[in-house]
Amino acid sequence: MMLTDAYARRFSYLRLSVTESCNFRCSYCLPDGTDCTSRSGELSLTEIRRLVSAFAKLGTRKVRITGGEPSLRKDLTEIIATCKAVPGIEKVALTTNGYRLKRDALAWQAAGLDAVNVSVDSLDADTFHLVTGQDKLADILDGVAYAKAIGIKQVKINTVLLKQHNALALPDFLAFIQQQDIALRFIELMRTGDNAGFYQRQHLSGVSIQKQLLADGWQLNPKARTDGPALEYSHSDYQGKIGLIMPYSKDFCADCNRLRISSAGQLYLCLFTDTYQDLRSLLQTDDSAALMRFLQQAVQGKAFSHQLTQDYSGSTRHLAQIGG
């Protein structure tokens, strides 16, 4: 069985948020921070196992653990192991701000982590501090190097494009990946319920970067079955790769393969949907049949596309709400 919607899109990739809390104050997401001490209602390990098991039986092969900041969960290592142990799950990935990467990467790898994406919005320490509210760039880059050194299979860097902070920084990022086998993802800033004014000031299209890469001889790579939305480019003179995530581009949603679950067990068919379906009551037993039926029915209601180009972001308040 495979989760397939009314447009014949198959969903092999689950983005699972395990917390909305975050210890950074990124200007495009949570500029005022969150209350990291109030964490009631987050999915338990048992609920996560039941959830991922149902998705795996319906063809999901990749789980990305997101937040908020997932490493604020003291049981993150156990969450990784739980997801990796589910029959059918081939790849477990993590998106993190890197705050605890150097400390915990070895334990995460031993638990089964296959890939890690680390948010680094600038390679300049002062700009990084300004954007994130944390003076931690050197520590996080040390963590990225450590993750590579211990052999985590894929190490990627996520960079949100910001007109006033990194619009002219492409040469710095290219120099960073020239001798390192690291995939860098440039992500267009997306409008959410809480950032309309910031979006207007800071949004930067990835098209200019795409044109420059193509002019400089970068080649578009084919996508693997469970890859996310990035268009990834490689160049013979660089060990690393460049990816572009451009949600405002034409046909961005045409090959969507992702579904999202919030840290409270709510199914979001799109990052920018109006509504969600609460799955919590279906996670209280090991019998997955009811949950599988619910998921199969729910995906039939998935819209063909978001409406970001019409300045409509649905009910998403901020990117930490369901993991970006």
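Here the residue numbers are simple positions, counted from 1 along each chain's written sequence. For a predicted model such as this one, the threshold for reporting local features is a pLDDT of at least 70, and the threshold for listing and counting side-chain atom pairs is 80 or more; totals across whole chains, interfaces and linings nevertheless cover every residue. Each side-chain value is worked out from all heavy atoms of the structure, with water and hydrogens disregarded.

Novice: Honestly, a negative patch on the surface in this entry has me stumped. Any pointers?
Specialist: Residues enter patches when their relative accessible area tops 30% and they take part in no salt bridge; the joining distance is 9 Å for like charges and 5 Å for the nonpolar side chains Val, Leu, Ile, Met, Phe, Trp and Tyr. For every accessible area listed, the method is Shrake-Rupley and the probe measures 1.4 Å; residues are considered covered only by the protein chains on display. A side-chain nitrogen of Lys or Arg and a carboxyl oxygen of Asp or Glu constitute a salt bridge if their distance falls within 4 Å. When charges are tallied, Lys and Arg are placed among the positive residues and Asp and Glu among the negative ones, while His and the ends of the chain are skipped. The atoms used to mark charge sites are NZ of Lys, CZ of Arg, CG of Asp and CD of Glu. A surface patch of negative charge is lined by Asp124, Asp126, Asp135, Asp139, Asp142 and Asp172. Think of it in three bands: residues with accessible area under 20% of the maximum for their type are buried, residues over 50% are exposed, and the middle band is partly exposed, with areas taken using a 1.4 Å probe on protein chains only. We classify aspartate 126 as exposed; its relative accessible area is 63%.

Novice: Could you clarify how one ought to interpret the pairing of strand E10 (residues 258-261) in this entry?
Specialist: Looking along a regular strand, one sees side chains alternate from face to face of the sheet. Each helix is a run of H or I in the DSSP string that is no shorter than four residues. Each strand is a run of E no shorter than two, and both are numbered from the N terminus. Of the two faces of E10, the one holding Arg258 and Arg260 and the one holding Leu259 and Ile261 are both buried throughout. Pairing between strands requires that DSSP locate at least two bridges from one strand to the other. With two bridges connecting them, E10 and strand E11 (residues 266-268) associate as antiparallel partners. Note that in E11 the partner of arginine 260 across the bridge is tyrosine 268. In this structure, the hairpin formed by E10 and E11 is closed by a connection of four residues, where glycine 265 is found at a positive phi of approximately 85°.

Novice: Whenever I open this one, the pattern of salt bridges confuses me. Can you help?
Specialist: Two side chains with opposite charge may pair up if their charged atoms get near one another. In the structure shown here, the tally under the stated rule is 13 salt bridges. The salt bridge partner of arginine 61 is glutamate 90, with a shortest N-O separation of 3.9 Å. Residue arginine 61 is found in the loop between helix H1 (45-57) and strand E2 (62-66), and its partner glutamate 90 is found in the loop between helix H2 (76-84) and strand E3 (91-96); the two are separated by 29 residues along the sequence. Residue glutamate 90 is classed as partly exposed on the basis of its relative accessible area of 47%. The partner of arginine 103 in a salt bridge is aspartate 104, and the shortest N-O contact between them spans 2.8 Å. A relative accessible area of 60% places arginine 103 in the exposed class. Aspartate 104 gets classed as buried once you look at its relative accessible area, which sits at 16%. One network of salt bridges, with partners in common, ties together Glu42, Arg73 and Asp75.

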